[in-house]
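Overview (structure and organization)
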Amino acid sequence: MKRIGITGHRVIPPEGHADIRAGLLAVLRRHEGPLEAFSSLAVGADQMFADLALSCGAELTVVIPSGDYENDFTPGELVGFRRYRRRATREVQLSFPHSTDEAYYAAGTYIVDNCDRLLAVWDGGPSRGLGGTGDIVEYARASGKPVTVIWREGLRRP
């Protein structure tokens, strides 16, 4: 079974959604046979990837960084998070009691360590806190993990 993980920005400018969805879908459709998708289901890239992976027939493995992770979502965001979580084939709960930068970094590195390829919805900039997309891409590259960056040229994050 092929295993693909995601890391990416929570906030993606609306004008970039179509290009990023198309990039993710292109990678997912290139693989034949069983596919396992790893995501922490954060708003933005993680949920976009989970949605597309499920639509392609992948098994979803959800990596939950902390015991209070749901507190990081607004009530509206929580609906989407719970919908994808219910559809997961497997869930990995990390032992952090609270959502901290360290918990996010641990979730990101868990995904890298357990996938064959990492997709990064990333503008190429530095992380805005430990465990951000730039940190996880750096970890993956240092680990020798293949990384595919998906971003539209000229698109700027707020």
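Before reading on, note that the structure itself is shown above.
Being a predicted model, the structure only gives us computed values, none of them experimental.

This paragraph deals with unusual backbone geometry. Unusually for a residue other than glycine, Leu 41 sits at a positive phi of about 65 degrees. Within the fold, Leu 41 resides in the loop between strand E2 (35–39) and helix H2 (45–55).

So, about the environment of Thr 100. Among the secondary structure elements, Thr 100 is positioned in the loop between strand E4 (90–96) and helix H4 (101–114). What makes Thr 100 partly exposed here is its relative accessible area of 29%. For the pair Thr 100 and Gly 144, spaced 44 residues apart in sequence, the C-alpha separation works out to 26 Å.

Counted under the stated rule, the structure contains five aromatic pairs. Both rings, one in Tyr 69 and one in Phe 73, keep their centres 5.2 Å apart while their planes meet at 85 degrees; by these two values the pair is edge-to-face. Members of the aromatic cluster, joined through ring pairs, are Tyr 69, Phe 73, Phe 81 and Tyr 104. The lysine or arginine in question, Arg 10, covers the ring of Tyr 104, its NZ or CZ lying 5.4 Å from the ring centre.

Computed from the structure, the largest pocket encloses a volume of approximately 540 Å³. Around the largest pocket, the lining comprises 30 residues; the ones closest to its centre are Gly 8, Arg 10, Gly 131, Gly 132 and Thr 133. Of all the elements in the fold, those that place two or more residues in the lining of the largest pocket are strand E1 (2–8), H4 and helix H5 (133–142). Per-element tally for the lining of the largest pocket: the top contributor is H4, with five residues. Broken down by class, the residue content of the lining of the largest pocket amounts to 13 nonpolar, twelve polar and five charged.

One can describe the packing of H4 onto H5 by two numbers: an axis separation of 10 Å at closest approach and a directional angle of 35 degrees. The handedness of the crossing between H4 and H5 is right-handed. Contacts from Tyr 105, Gly 108, Thr 109, Val 112 and Asp 113 in H4 reach Asp 135, Ile 136, Tyr 139 and Ala 140 in H5. Residue composition of the contact of H4 with H5, grouped by class: five nonpolar, two polar and two charged.

About the criteria used
Residues numbered from 1 in each chain as written. Predicted model: local features only at pLDDT ≥ 70, side-chain atom pairs only at ≥ 80, totals over all residues. Heavy atoms only, no water. Helix = DSSP H or I, 4+ residues; strand = E, 2+ residues; numbered from the N terminus. Buried < 20%, exposed > 50% of the residue type's maximum accessible area, 1.4 Å probe, protein only. Phe/Tyr/Trp six-rings, centres within 6.5 Å; stacked < 30°, edge-to-face > 60°. Lys NZ or Arg CZ within 6 Å of the ring centre and 35° of its normal. 1 Å grid on protein atoms, 1.4 Å probe; cavity = no way out; pocket = protein on both sides within 12 Å on 5 of 7 lines; lining within 4 Å. Points joined across faces, edges and corners; volume = space filled by probe spheres on them. Nonpolar A, V, L, I, M, F, W, Y, C, P; charged D, E, K, R; others polar. Axes fitted to C-alpha atoms, helices over the stretch in contact; angles between N-to-C directions. Left-handed = near helix turned anticlockwise from the far one by under 90°. Contact = heavy atoms within 4.5 Å.

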